[in-house]
Amino acid sequence: MKGRRFDCIVTGGGHAGAEAAHAAARLGAKTLLITMSRETIAVMSCNPAIGGLAKGQIVREIDALGGLMGRAIDATGIQFRLLNRSKGPAVRSPRAQADKYKYKDYIRSRLEATDNLTIVEAEVTEILIRNGSVCGVSCSDGTIYEAPAVILTTGTFLRGLMHLGTEQWPGGRLDEPASNELSDSLKSLGLTLGRLKTGTPARLDAATVDFDRLEVQDGDREPVAFSFMTESLDCEQIPCWITYTNEKIHELLRNNLDRSPLYSGQIVSVGPRYCPSIESKVVRFAGRDRHQVFLEPEDAAVSTIYCNGISTSVPQDVQEQMLRLLPGTEKARIVHYGYAIEYDYCPALQLKANLETKRVEGLFLAGQINGTSGYEEAGAQGLLAGVNAVKKLDGGEPLILGRDQAYIGVLVDDLLTKEINEPYRMFTSRAEYRLSLRSDNADRRLTRIGRSVGLVGDDRWSRFQQKVADIDRLTAYLKQTRSGAATLWHRLKQPTSGFSEKMADDAGVESMSLSSEVLEAAAVDAKYEGYLVRQGRQVESFRHLENIKLPLDLDYERVSHLRHEAREKLSVFRPGTLGQAGRIGGITPADITVIRIHLKKHKLQDSER
C-alpha cells in the first residue's frame, strides 16, 4: 500500500477496535485499523444483543461522547426493551436484540466512510519499540507500519485455544486463527500475561424450532432508542422465546462432567462468574430443578437462534442430547456447537488511567486484553483509548472520567484498582453514584465533554443545547407555579401523586410543546433532587483525594510507617492518585494518611487533575 506511516495504529477490528479507530480518525489523526478480515469487523461473536443492566448505561455514555455503538444498534435492532421499568430510573437500562449481520455491516460502512482512516487486512505479530516508546508494528507478511501510538484490541485472539469436549485447536473465534506471536512480543516487552476463559452456546436453525411450545417475550410497545440522536424507532419488533432446562438435562450433564473441559482439567483458566456455562450452573446450583433459557433470533429473517443460558463446551453428542430434552428444541438442527475459548490477557494494573501501558510509552490496550467481557465494556475502552492516543500525540491532557461522572469511569477505575482474576463485567451495584449515573441523563453528563474533546459534531451539539434549554425552562416554570399548597416541582417529588404522568396536561406545560424526553427528565430531576444534593457533598469529599496525584515511580519502601502489605500492594498497582490508592484491596484509611504525610514532607503533592 502507498505510505506505511501513520499517527495511530489500531490492531483488532472488534467492538473496542472499531470505537478506537473511529475516535482517533475523527480527531484528525491519520489512523490505520489492522484486522484479519474486513468481514468480521464488529462481529457479534457471542450473543446478538447490545445493552442490558448497567451495560445500557455504558452504551448511552459512548453515544453521548460521540461513539458508534448507540446509533449502530438503533439502526439494526430487531427488539428493544427497557429493563427494570417498574424500578427507579437509576437502574433502568435499555437492551436490544440486533440483526448481527446488519450490525457489523453498519459499523464497517461507517468506518469505511470515516476520513483519515485506512483499513488493511493483516495479522500483527510484533510491537516495535524504540527507546522505550512504541514506533510501529510488524505483520506476518513482513510488512511494517510505523506510528508513535498503537492501540491493541485483541479480543480473545492472543494465544486463543478452543475447546469442544476433548477436542482442542488454536483459534481466536469460530473458524478464525489465534494470534500466538503477538503474545510472545508482549512478553518480550516486559508485560505480564494471564489466562481467562469464556464460552458460547449452540446456534440453531430457527426453522427447526417448535416455537408454539415456548413462552413469547415481546419487545416494548413504545421502544426506547439508545442514541440521543435517534428521533424514533420504527423497526418491526421480533419476539424472543423462553424455555427451561429440566432434571433430565441436569442428570445428563452430571453424568458427563468427566467429558467437560471445565471439569476434566483440560481448561485451567477462570471464566466469567456471572455468565457460567450450563454445566457449571448444574454443579453450583444443585438445588435448582430448572434454569431459564432465552432463544434469541440472530437476524431479522429469524434464520438462526442463539440459546442464551446454556453456554457450554461439552462434546457434540451431549449438546445434541441436551437439546433433544429442552422443550421446543427437540427436533432442532444445530448450526454450530457451543464451545469454550481460553486466551491471554494483560492484567490492567499495568496501565495508566488513560489506558496507556506504564512500561511502553505510546502503547494503549482496550477491551478483553484488559480482562473485561462484553461488547459494551470493550467499546467504552476503545473510545477512551482512541481519544487518549491522540491526546498523547498532541501533548494534551488525557480524557479520564471519574467514578462520579460515568459508568465508563467506574469501569476503568475498577480495572486499575482491583485484582481481576475473572472476566470483568459491569453492574449497577459497582457504581456508588448510580443515582446520578442514569441512562436517561448520559447526554447531560457527557456531551459537553465529548464536545470539548472534539467528537461531538454541530448537529448533536445543537440538539443537546436545545434539550438542556427546554429542561431549564420547564424546571423554572414548575418551581414557580403552584398547584394548591405546593409548587408543581414539589408535587413531582411525591412518589404516589402520579403527577409526573399528568404533567403534560398542565396548560402552561402543554403550551411549551416539549418532548416526552424533556418532561421525563424534569420529573426525574425533581424526584431525585434531595438525594443528589447529598450525593454531591459525597462527591466533593471523594474528589479531594482524586485530585492528589501520586508519582508512578514513588518508592513505597521509603514511606515511613507504611504497613508491609500496603507497600507490596502499592508497589504492584502503582495508583495514579491517592483516591485510587484507597480503593485497592487491603489499603486502609491509615495507610492513606501515612502516604499524605510522606507526600507533604517530601513536597511530592504537587498538582491536581
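Residues numbered from 1 in each chain as written. Predicted model: local features only at pLDDT ≥ 70, side-chain atom pairs only at ≥ 80, totals over all residues. Heavy atoms only, no water.

**Here's the deal with the overall build of the protein**
For step 1, the next point in the chain: Helix and strand counts for the protein stand at 20 helices and 23 strands.
For step 2, the next point in the chain: For a compact globule of 609 residues, the expected C-alpha radius of gyration is about 25 Å, and the protein comes in at 25 Å, within 12% of that figure.
For step 3, the next point in the chain: Across its three principal axes, the protein shows a C-alpha extent of roughly 70 × 65 × 55 Å.
For step 4, the next point in the chain: Per-residue burial for the protein yields a buried fraction of 58% across its 609 residues.
For step 5, the next point in the chain: Once local pairs closer than 6 in sequence are excluded, the contacts in the protein between residues at least 24 apart make up 73%. (Helix = DSSP H or I, 4+ residues; strand = E, 2+ residues; numbered from the N terminus. Rg over C-alpha atoms; globule rule 2.2 N^0.38 Å. Buried < 20%, exposed > 50% of the residue type's maximum accessible area, 1.4 Å probe, protein only. Contact = heavy atoms within 4.5 Å.)

**Regarding helix 2 (residues 55-64)**
For step 1, the next point in the chain: Burial analysis of helix 2 places ten of its ten residues in the buried class, the great majority of the element.
For step 2, the next point in the chain: Of all the positions in helix 2, only K55, G56, Q57, I58, V59, R60, E61, I62, D63 and A64 are classed as buried.
For step 3, the next point in the chain: A positive backbone phi angle near 105° is found at G66, which sits one or two residues after helix 2.

**Section: the packing of helix 2 against helix 10 (residues 375-394)**
Two measures define how a pair of helices packs: the angle their axes make with one another and the distance between the axes.
For step 1, the next point in the chain: Across the interface, helix 2 lies against helix 10 with an axial gap of 9 Å and an inter-helix angle of 30°. The angle between helix 2 and helix 10 falls in the class roughly parallel. Here helix 2 and helix 10 pass one another in a crossing that is left-handed. Only E376, E377, G379, A380 and L383 of helix 10 make contact with helix 2, whose side of the interface consists of K55, I58, V59 and I62. (Axes fitted to C-alpha atoms, helices over the stretch in contact; angles between N-to-C directions. Parallel < 35°, antiparallel > 145°, perpendicular 65-115°, else oblique. Left-handed = near helix turned anticlockwise from the far one by under 90°.)

**Some remarks on helix 9 (residues 316-325)**
For step 1, the next point in the chain: Looking only at helix 9, the buried set comprises V318, Q319, M322 and L323. With its buried residues spanning 135° around the axis, helix 9 presents them on a single face.
For step 2, the next point in the chain: Residues of helix 9 that are buried in the fold lie against strand 11 (161-164), strand 14 (203-205), helix 6 (247-255), helix 8 (278-284) and strand 19 (334-336). (Arc of directions from axis to C-beta.)

**A closer look at the pattern of salt bridges**
For step 1, the next point in the chain: For the structure shown, the criterion picks out 49 salt bridges.
For step 2, the next point in the chain: A salt bridge links R38 to E112; the nearest nitrogen and oxygen atoms lie 2.9 Å apart. On the criterion of sequence distance, the pair formed by R38 in the loop between strand 2 (31-35) and strand 3 (49-51) and E112 in helix 4 (residues 100-112) is long-range, its members being 74 residues apart.
For step 3, the next point in the chain: K467 is the salt-bridge partner of E517, the closest N and O atoms lying 2.9 Å from each other. On the criterion of sequence distance, the pair formed by E517 in helix 17 (residues 516-546) and K467 in helix 13 (residues 458-480) is long-range, its members being 50 residues apart.
For step 4, the next point in the chain: Under the relative-accessibility criterion, K467 is labelled buried at 8%.
For step 5, the next point in the chain: Residues participating in the shared-partner salt-bridge network are R403, D413, D414, K418, E432, E546 and R583. (Salt bridge = Lys/Arg side-chain N within 4 Å of Asp/Glu carboxyl O.)

**Some details on the environment of Y407**
For step 1, the next point in the chain: As for its placement among the helices and strands, Y407 is situated in helix 11 (residues 407-417).
For step 2, the next point in the chain: For Y407 and F427, which are 20 residues apart along the polypeptide, the C-alpha to C-alpha distance reads 9.2 Å.
For step 3, the next point in the chain: For Y407, the residues in contact, after removing those within four places along its chain, are A54, Q57, I58, E61, A90, M426, F427, T428, A431, R434 and L437.

**Some remarks on the sheet that holds strand 8 (residues 133-139)**
Each strand in a sheet pairs with its neighbour through backbone hydrogen bonds, running either in the same direction (parallel) or in the opposite one (antiparallel).
For step 1, the next point in the chain: Pairing within the open sheet is antiparallel, and its three strands lie in the order 7-8-9. Lying at the two open borders of the sheet, with one neighbouring strand each, are strand 7 (124-130) and strand 9 (144-146). Looking at each pair of strands side by side, their axes are set apart by 25° on average, direction ignored. (Pairing = 2+ DSSP bridges.)

**A word on the pairing of strand 11**
For step 1, the next point in the chain: By the bridge criterion, three bridges tie strand 11 to strand 20 (residues 339-345) in an arrangement that is antiparallel. Bridge pairing in strand 20 links L161 to E342.
For step 2, the next point in the chain: Strand direction decides the pairing type here: strand 11 and strand 12 (residues 167-170), joined by four bridges, are antiparallel. If you follow H163 over to strand 12, its bridge partner there is Q168.
For step 3, the next point in the chain: Here strand 11 folds back onto strand 12, and the loop between the two strands holds two residues, one of which, G165, carries a positive phi near 60°.

**Some thoughts on the state of the cysteines**
For step 1, the next point in the chain: Under the definition given, this model contains zero disulfides.
For step 2, the next point in the chain: With no disulfide of its own, C8 has C135 as its nearest cysteine by sulfur position, at a separation of 14 Å.
For step 3, the next point in the chain: Of all cysteine sulfurs, the one in C8 lies closest to C346, which takes part in no disulfide; the gap is 17 Å.
For step 4, the next point in the chain: Classification of C346 by relative accessible area gives buried; the value is 1%. (Disulfide = S-S within 2.5 Å.)

**Some remarks on the packing of aromatic side chains**
For step 1, the next point in the chain: Under the criterion given, the structure shown has four aromatic pairs.
For step 2, the next point in the chain: Here the basic side chain of R290 rests over the ring of Y244, its NZ or CZ set 3.7 Å away from the ring centre.
For step 3, the next point in the chain: One Lys or Arg, K479, reaches over the ring of W489 and ends 4.9 Å from the middle of that ring. (Phe/Tyr/Trp six-rings, centres within 6.5 Å; stacked < 30°, edge-to-face > 60°. Lys NZ or Arg CZ within 6 Å of the ring centre and 35° of its normal.)

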